[in-house]
Amino acid sequence: MKKDIYLLDGANGTSLWQKTGDNGPVWRFNKLFPDAVRELTCEFIDAGSDFVLSNTFSANRLKLEGTGHSVEEVVTVAIGCAKDACRGTNAKVALDIGPIGQLMRPMGSLSFDQCYEIFKEMCVAGENAGADLIAIETMMDLAEARCAVLAAKENSDLPVFVTNVYGSDGKLMTGADPAAMVAMREG
């Protein structure tokens, strides 16, 4: 990477809800409204985004359970929509991985191994579909972020970046501060 500052796209989910009038899970829009997904991605690129997120934020196996869609299918279609929008530009496509939606033990019921396998599946599908990097975003739990980074690094050769959500107290939902997140990422 040759620049010190990179621009990322904006609020995919809320923007797609506005564009389509459909407030359902946005991962479905890759097939239901592919033109809207591509159009939004082009708007972000035109606004100067160096990286655009694939429409895969909540496309993990737990969220897709019972829908008749697989992680590989959803990720492949989403990366394809983003790649189409990037054609002829320098913008890169990031596989977008968000929180799983369940807390890990001891606060929740999800084990580290279960969490790892969920993230691994997304990372492998994203790399196979042609993502340029992996964006692990909106993390609220140090353990889940660590698990996602580990799964990405062990199952992909793509660059990885992580974003977190901090409360007004400067800490993640589960209590970690930014220094703990940096230590985890560097370790």
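The paragraphs below set out a description of the structure included in this document.

Rules used throughout
- Residues numbered from 1 in each chain as written.
- Predicted model: local features only at pLDDT ≥ 70, side-chain atom pairs only at ≥ 80, totals over all residues.
- Heavy atoms only, no water.
- Helix = DSSP H or I, 4+ residues; strand = E, 2+ residues; numbered from the N terminus.
- Rg over C-alpha atoms; globule rule 2.2 N^0.38 Å.
- Buried < 20%, exposed > 50% of the residue type's maximum accessible area, 1.4 Å probe, protein only.
- Core = buried A, V, L, I, M, F, W, Y, C linked by side-chain atoms within 4.5 Å.
- Contact = heavy atoms within 4.5 Å.
- Phe/Tyr/Trp six-rings, centres within 6.5 Å; stacked < 30°, edge-to-face > 60°.
- Salt bridge = Lys/Arg side-chain N within 4 Å of Asp/Glu carboxyl O.

Some points on the overall build of the protein
The helix and strand inventory of the protein stands at eight helices and four strands. For the protein, the α and β elements follow one another from N to C terminus as α-α-α-β-α-α-β-α-β-α-β-α. For 187 residues, the compact-globule formula gives about 16 Å, and the C-alpha radius of gyration of the protein, at 16 Å, lands near that figure. With respect to the three principal axes, the spread of C-alpha positions in the protein is 45 × 45 × 35 Å. Here the protein, with 187 residues, has 43% of them falling under the buried criterion.

Some points on the nonpolar core
Counting 49 residues, the largest nonpolar core has Leu 16, Leu 95, Ile 97, Cys 115, Phe 119, Ile 134 and Ile 136 as its most contacted members. Where this core is concerned, the elements lending two or more residues are α3 (34-46), α5 (71-86), β2 (92-97), α6 (112-129), β3 (133-139) and α7 (142-155). When residues in this core are grouped by element, the largest group, eight residues, is from α5. Beyond its immediate sequence surroundings of up to four residues, Ile 134 is in contact with Leu 95, Ile 97, Cys 123, Ala 152, Ser 156, Leu 158, Pro 159, Val 160 and Phe 161. Core analysis: the second largest hydrophobic core is formed by five residues, Phe 51, Ala 94, Leu 133 and Ala 135 among them.

So, the packing of aromatic side chains
Aromatic ring pairs: the centre-centre distance and the angle between the two ring planes describe each pair. With the rule as written, the count across this model stands at three aromatic pairs. With a centroid separation of 5.2 Å and an interplanar angle of 80 degrees, the aromatic rings of Phe 29 and Phe 33 are classed as edge-to-face. Accessibility expressed as a relative area gives 28% for Phe 33, which makes it partly exposed. For the pair Phe 51 and Phe 161, a centre-to-centre distance of 6.5 Å together with 40 degrees between the ring planes defines the contact as tilted. Taken together, the positions of Phe 51 in strand β1 (residues 51-53) and Phe 161 in strand β4 (residues 160-164) put the pair 110 residues apart, joining distant regions of the chain. Of the residues examined, Phe 161 reaches a relative accessible area of 25% and is grouped as partly exposed.

Brief notes about the pattern of salt bridges
Per the stated rule, a full pass over the model turns up nine salt bridges. For the salt bridge of Lys 31 with Glu 73, the shortest nitrogen-to-oxygen distance reads 2.5 Å. Here the residue Lys 31 occupies a position in helix α2 (residues 29-32), and Glu 73 occupies one in helix α5, the gap between them amounting to 42 residues. Residue classification places Glu 73 among the partly exposed positions, given a relative accessible area of 24%. In this structure, Arg 38 engages Asp 35 in a salt bridge whose closest nitrogen and oxygen atoms are separated by 2.8 Å. Highlighted residues: Arg 38 and Asp 35, both in helix α3, separated by three residues, approximately one helical turn. Judged by relative accessible area, which is 55%, Asp 35 ranks as exposed. Where salt bridges share partners, they join Asp 35, Arg 38, Asp 84 and Arg 87 into one cluster.

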